[in-house]
Amino acid sequence: MAASARPGLGAEELALLEKLLGLPKGNKYGVQGERKVPVLQTNNGPGLTGLTTIAAHLVKQAKKDQLLGSTAEEKAVVQQWLEYRVTRVDGGCSKEDTGIILKDLNIYLEDKVYLAGNIFTLADILMYYGLHHVMMLGKSIQDYWITDQ
Amino acid sequence: MRLRVAAGGPAALKVLAAAGAAAAPVRLVWGGPSERSLAPLSPPWVPALELDSGTVLFSANAICQFFFLARGEEPTDLTNQWLEWEATELQPAASAALYAQLVHGKKGLEAVEALGKSLAHIEQNLSRRGTAYLAGDSKSVADVVVWGTLFPVLQDETSLPSELQALRTWFQSMTLSEACRKAADSVLVPKALLEFKSYLQKQPPPCLAMERATSNEPEEEEGSERALTEEEITAAADAWARGAAALPKPWQPQKPVLPVEGMRNVLITSALPYVNNVPHLGNIIGCVLSADTFARYCRLRNWNTLYVCGTDEYGTATETKAVEEGLTPQEICNKYNTIHADIYRWFDISFDYFGRTTTPYQTTIAQDIFQRLLARGFLLQDTVEQLQCEDCQRFLADRFVEGTCPFCSYEEARGDQCDKCGKLINAVELKNPQCKLCRGVPVVKPTQHLFLDLPKLEERLEPWLEQSWATGDWTANARYITRSWIRDGLKPRCITRDLKWGTPVPLDGFRDKVFYVWFDAPIGYLSITANYTDQWERWWKNPQQVELYNFMAKDNVPFHSVIFPCSLLGAEDNYTLVNHLIATEYLNYEDGKFSKSRGVGVFGDMAKDTGIPADIWRFYLLYLRPEGQDSAFSWSDLMLKNNSELLNNLGNFINRAGMFVCKFFGGTVPDMVLTPDDKRLLARVTLELRQYHQLLEKVRIRDALRCILSISRHGNQYIQVNEPWKRIKGDEKDRQRAGTVTGVAVNMASLLAVLLQPYMPSVSSAIQGQLCIPPDCFVLSHDFTCTLPPGHHVGTVSPLFQKLENNQIEALRKRFGGRQAKQSPPASEPPPAPATLGPPGDPQLIQELTEEVAKQGNYVRQLKANKAEKAQVDMEVAKLLQLKKQLALAEGKSPEIPVPKGKRKK
């Protein structure tokens, strides 16, 4: 179940994000550790480690800083949901956990357009990527019990 | 803005330190760890910051970030990286370390063990960059966040290994800064820490990400995601082709089973249930069911296996019960031993022998061990102050005294052990002792007793333990409990009691006393085996040839790991000592504990009255076996697992595989031409099979069950993708493909029948019957081989599982939810009120109900015809509807009673 068990997911996701941000290709990604944390390789130094860290870096590189929020409050809220994505969505190991996360998010989003209220941010993008396979899985579970008997 | 923090909560520290460091104008609100949370998405002890706009931040790191942002300090790549690392790597490690300290009482370097990698990571970064702080030469949000998580675990830099020089310097300068110091002073007050500790004790231990990969969830996906190598695929195809001939011949031991030279000889015991207690589901999964599953697995592996158990029958409780029921203690034991045996038979527990402790062999063997200990100077004599109840005129056995725990002040501590803190208690040390029978206050009287000199035996115990741990599989809790027992210091332990119902002490001056049950009871394993075969010593005095597995719940660990081994080591008679001690955590019931006095929970004798087959109980109990941490039985989860895992996954696959053979190929397994895809599937199944073995060899029973479900999931997908029901109608090539898919699938079903046998023996034999699997295939190897070759005839295929309905489950939940009045234990009561739910499909019940429905229907028509009073008619109609509902339930349908048309028109 754990998204972290899917190898290379982080790098794939970051490549998608690059495309979305209109950045030229060319960044190289590696993975690190058992959780397969993505690493952005740079020419100088040890590179950047961590999905949300690299994502924020790409956003700034693309000069789309508004995706990280404008006010201190927005920035903190974006930070909070990025953290939620890597600790809860990726960290949840069972179907129950996933169920709780979906329920929590549903309640939270009841009176909001986006995670940070009315502005679309990086938090929405990464949350979408993070939940995408869960949602797809949900659909296939429903389609699973077939009627050939 | 309002900042809510819980004193004692570890995350409180960093937010307060950050508020201080960034001089944020916050209004502090203190809350306890168990109060309601301000932020809906997080537990109450996690800090929450309510901003003036109404937005609530519930992540401690985001709160810290906000304080620094508000002061104009923007995050950098480096601070972001530290914060992400802290949230994903450091925090889980720190909570594991904190849990080890507060709950398990670990100290020093052992306590920070879980942090090792993280500490090295910080040290490396600091020394490589050569900066004073984590993200540069000035303090940033990163420093506060990392320090705030480390401090509750480390307290001061002296607990850091000295080689981490840069880390030590950084940590010290952080701790000395004003903001951090102030935060620590206000958060980590001793009283708040205690409160936090008690909160933490109620939580399941944190599972570390790195541990998770190896222990908790051997995810089905993990196997399937792993790329297969070409070698694996070729090997799997070769193994398949070798067929059933490649399987070893199932080993049929002679009866009685005795150790065989050159074979693996496995001796399995499950903790002896006390005869007076009807076991509840927790007892069943903790002891007999776990041991049974493992014993069945061992037999399938062709290991020469003996599984024994029996009732533990001596002690005051039996004496008292006998008085209550007007029988002799022996008669009571006879009666209850039968009840136990019946329950275990119903659960299909495959004991080679189920015995009891009240036999002449028990006396001979116990007295022999005693004499040997006495002769070797391992027994001490001492005067004991013991509680005597003057009203009841007896010395009170430990479990007949209740009072306040001298260690943790829990008010309902038993005379031998406190249920809350788990410490062993000397009954006279209890505060405010009460006689459990008459509630009178007992008095302390001196009496002579014998003691097992554990301190003297310790020097033999330690090397043996070291050896057993190095070579055997002891569960983590068993090791931990044993270690802490020894660390607390071994004291001489009383082995005699002033009772009548027990094994008599064969020594002058003590002849009116009996052995204390914990000296006596484990000897029951030996005496029970002796009643099974007079050659029992070939099992029990044969450590060279025999491997001993003890199964139990964790409260029994010290008796099996320290006291009993000490007795046997001291007796110096080449006894077989435990090699693998397998202890479970506790199983709770719904949201609480099983309680016989309150009637909460399902007890062994009631399980069969639920109408749910024994194998479903076995499956669900094993599925949630408290391996590693407590788990809870839940009715709705039982229904869910039955309907999703058994019915939709496992049952669906096996049924489809068999049906295709019957419907499309006239009951004969068709020819198979394997494609590369099929071979890949064989390799996947082989991977799961190997994983199943790997886990069961380590007695990870719950985890291995996941592998079985995983194989059938692969099977369902395989059928789904290949659609044999469509291809069978196609051209020659399509028909051949349909044949191959059907053949592979039915062979997977055959493999599943064998893998399931330890878990669900009846279902396994039902599959065996339906698919006509040869008995010689009921053996486990490490390869998936074709056991049902082309031309094999299958029998009649029918569904294996029944759907559980919501109303049925709700009724059961209500029935076992507890009754208020304190009554005598359920075992002596008449069976629960006639169940509205018989076992679904019980033909007798269906017939009876059908007749009653017909009778009542006629009566109602008669009343209407005679124009009887409306009230009377309504009442009889209601009765009729009730009967129809019961009938529907008995037939296993959902009881939808159509509303009579006449009423709707009104």
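Concerning the overall build of chain A
From N to C terminus, chain A includes five helices and three strands. Helices (α) and strands (β) of chain A occur, in sequence order from the N terminus, as α-β-β-β-α-α-α-α. Taking all 149 residues of chain A together, 47% fall into the buried category. Of the roughly 7700 Å² of accessible surface on chain A, a fraction of 56% belongs to carbon and sulfur atoms.

Observations regarding the overall build of chain B
Within chain B, the secondary structure is distributed over 34 helices and 20 strands. Counting only residues that meet the buried cut, chain B has 55% of its 906 residues in that class. Contacts in chain B between residues at least 24 apart in sequence constitute 77% of all its contacts with a sequence separation of at least 6.

Concerning unusual backbone geometry
Most peptide bonds take the trans form, and the phi angle of most residues other than glycine is negative. All names here are of chain B. Of note, the amide linkage connecting Lys 255 to Pro 256 takes the cis form, showing an omega dihedral of -10°. Take Pro 256: it is sitting in the loop between helix H12 (230-242) and strand E5 (265-270). You will see that Asn 574, though not glycine, has its phi angle at about 55°, which is positive. Its place among the elements puts Asn 574 in the loop between helix H22 (557-571) and strand E18 (580-584). Phi at Cys 772 is positive, roughly 55°, even though this residue is not glycine. Under the relative-accessibility criterion, Cys 772 is labelled partly exposed at 35%.

Topic: the nonpolar core
In globular proteins that are soluble, nonpolar side chains generally tend to be buried together. Residues B:Ile268, B:Ile369, B:Trp635, B:Tyr692 and B:Tyr759 are the most contacted members of the largest nonpolar core, which totals 175 residues. Setting aside residues no more than four positions away along its own chain, B:Ile369 makes contact with B:Phe519, B:Ile523, B:Leu526, B:Ser567, B:Leu568, B:Ala571 and B:Tyr575. Within the second largest apolar cluster, 93 residues are counted, among which are A:Ile101, A:Leu115, A:Met127 and B:Ala97.

Considerations on empty space enclosed by the protein
Residues and elements named next belong to chain B. A complete count under the given rule lists five cavities of 30 Å³ or more for this structure. Within this model, the largest cavity holds a volume of roughly 110 Å³. Lining the largest cavity are Leu 247, Ser 750, Leu 751, Val 754, Cys 777, Val 779, Leu 780, Ser 781, Asp 783, Phe 784, Thr 785 and Thr 787. Here the lining of the largest cavity is composed, by residue class, of seven nonpolar, four polar and one charged.

Some thoughts on the interface of chain A and chain B
How large an interface is tends to be reported as the accessible area lost when its parts come together. At the junction of the two partners, chain A supplies 39 residues and chain B supplies 47 residues. A buried area of about 3700 Å², summed over both sides, lies between chain A and chain B, and 53% of it is on carbon and sulfur atoms. Here chain A is connected to chain B by two salt bridges. The residue A:Lys60 makes a salt bridge to B:Asp77 at a minimum N-O spacing of 3.9 Å. Listed by contribution, the elements that provide at least two residues to the side of chain A that touches chain B are strand E3 (48-49), helix H2 (51-61), helix H3 (72-89) and helix H4 (95-109) of chain A. The biggest single contributor to the side of chain A that touches chain B is H3(A), with 13 residues. Here the side of chain A that touches chain B is built from residues that sort into 17 nonpolar, eleven polar and eleven charged.

Focus: the pairing of strand E8 (residues 379-389) of chain B
Side-chain direction in a regular strand flips from residue to residue, so the side chains alternate between the two faces of the sheet. All names here are of chain B. Across ten bridges, E8 lies against strand E13 (residues 443-452) in antiparallel orientation. Residue pairing in the sheet places Leu 387 in a bridge with Val 444 of E13. Examined bridge by bridge, E8 and strand E9 (residues 394-395) share two bridges and lie antiparallel to one another. In the sheet register, Cys 389 faces E9, and the bridge partner there is Arg 394. Connecting the antiparallel pair E8 and E9 is a turn made up of four residues, with Gln 393 showing a positive phi of about 55°.

Digging into the environment of B:Pro626
All names here are of chain B. You can see Pro 626 is positioned in the loop between helix H24 (614-623) and strand E20 (631-633). It is 9.3 Å that separates the C-alpha atoms of Pro 626 and Ala 583, two residues lying 43 residues apart in sequence. In this structure, Pro 626 is in contact with Ile 285, Thr 584, Glu 585, Tyr 586, Leu 587 and Ser 631, ignoring residues within four places of it in sequence.

Regarding the sheet that holds strand E14 (residues 493-494) of chain B
With antiparallel pairing, four strands are arranged side by side in an open sheet as E9-E8-E13-E14 (chain B). Here the strands that pair on one side only, and so sit at the sheet edges, are E9 and E14 of chain B.

A closer look at the pattern of salt bridges
Residues and elements named next belong to chain B. Enumeration according to the criterion identifies 43 salt bridges over all chains in this entry. The salt bridge partner of Arg 813 is Glu 590, with a shortest N-O separation of 3.2 Å. Here Glu 590 lies in the loop between strand E19 (587-589) and helix H23 (604-607) and Arg 813 lies in helix H31 (residues 806-815), a separation of 223 residues in the sequence.

A word on the confidence of the model for chain A
Residue and element names in this part refer to chain A. Averaged over every residue, the pLDDT of chain A is 78; the share at 70 or more is 78%. Mean pLDDT across the elements of chain A ranges from a minimum in helix H5 (residues 122-142), with 71, to a maximum in H2, with 93. Per-residue pLDDT stays below 50 along residues 138-149; that stretch engages in 17 contacts with residues further than four places along the chain or on separate chains.

Considering the sheet that holds strand E7 (residues 353-356) of chain B
Residues and elements named next belong to chain B. Ordered in space as E7-E6-E5-E17-E18, the five strands form an open sheet in which the pairing is parallel. Either end of the sheet is taken by a strand with one partner, and the two such strands are E7 and E18. The mean inter-strand angle of the sheet, taken between neighbouring strand axes irrespective of direction, is 20°. Note that E5 and strand E17 (residues 546-553) share six bridges and pair parallel. Bridged to Val 266 within E17 is Glu 547. The sheet strands contacting helix H13 (residues 281-300) are E5, strand E6 (304-311), E17 and E18, and the helix crosses E17 at an angle near 150°. Against the sheet, helix H15 (residues 329-346) touches E6 and E7, its axis set at about 160° to E7.

Comments concerning the packing of aromatic side chains
In the structure shown here, the tally under the stated rule is 39 aromatic pairs over all chains. For the ring pair A:Trp81 and B:Phe58, a centre distance of 5.5 Å and an interplane angle of 80° mean the geometry is edge-to-face. Here A:Trp81 is found in helix H3, whereas its partner B:Phe58 is found in the loop between strand E4 (56-57) and helix H2 (60-70) on a different chain. Each member of the pair, A:Trp81 as well as B:Phe58, is classed as buried. Cation over ring: B:Arg497 sits above B:Tyr516, and NZ or CZ is 3.8 Å from the ring centre. Lying over the aromatic face of B:Tyr623, B:Arg706 brings its terminal NZ or CZ to 3.8 Å of the ring centre.

Overview of the packing of H13(B) against H24(B)
Think of two packed helices as two axes; the pair is described by the angle between the axes and how far apart they sit. Residue and element names in this part refer to chain B. Interhelical geometry of H13 versus H24 gives an angle of 100° and a closest axis separation of 10 Å. Accordingly, the angle class assigned to the pair H13 and H24 is roughly perpendicular. For the pair H13 and H24, the contacting residues are Leu 281, Ile 284, Ile 285, Leu 289, Asp 292, Thr 293 and Arg 296 in the first and Trp 617, Arg 618, Leu 621 and Leu 622 in the second. By residue class, the composition of the contact of H13 with H24 is seven nonpolar, one polar and three charged.

Each value, and the rule that gives it
- Residues numbered from 1 in each chain as written.
- Chains lettered and ligands numbered in written order.
- Predicted model: local features only at pLDDT ≥ 70, side-chain atom pairs only at ≥ 80, totals over all residues.
- Heavy atoms only, no water.
- Helix = DSSP H or I, 4+ residues; strand = E, 2+ residues; numbered from the N terminus.
- Buried < 20%, exposed > 50% of the residue type's maximum accessible area, 1.4 Å probe, protein only.
- Areas by Shrake-Rupley, 256 points an atom, 1.4 Å probe, with all protein chains shown as cover.
- Contact = heavy atoms within 4.5 Å.
- Core = buried A, V, L, I, M, F, W, Y, C linked by side-chain atoms within 4.5 Å.
- 1 Å grid on protein atoms, 1.4 Å probe; cavity = no way out; pocket = protein on both sides within 12 Å on 5 of 7 lines; lining within 4 Å.
- Points joined across faces, edges and corners; volume = space filled by probe spheres on them.
- Nonpolar A, V, L, I, M, F, W, Y, C, P; charged D, E, K, R; others polar.
- Buried area = accessible area lost by both parts, 1.4 Å probe.
- Salt bridge = Lys/Arg side-chain N within 4 Å of Asp/Glu carboxyl O.
- Pairing = 2+ DSSP bridges.
- pLDDT = per-residue confidence, 0-100.
- Axes fitted to C-alpha atoms, helices over the stretch in contact; angles between N-to-C directions.
- Phe/Tyr/Trp six-rings, centres within 6.5 Å; stacked < 30°, edge-to-face > 60°.
- Lys NZ or Arg CZ within 6 Å of the ring centre and 35° of its normal.
- Parallel < 35°, antiparallel > 145°, perpendicular 65-115°, else oblique.

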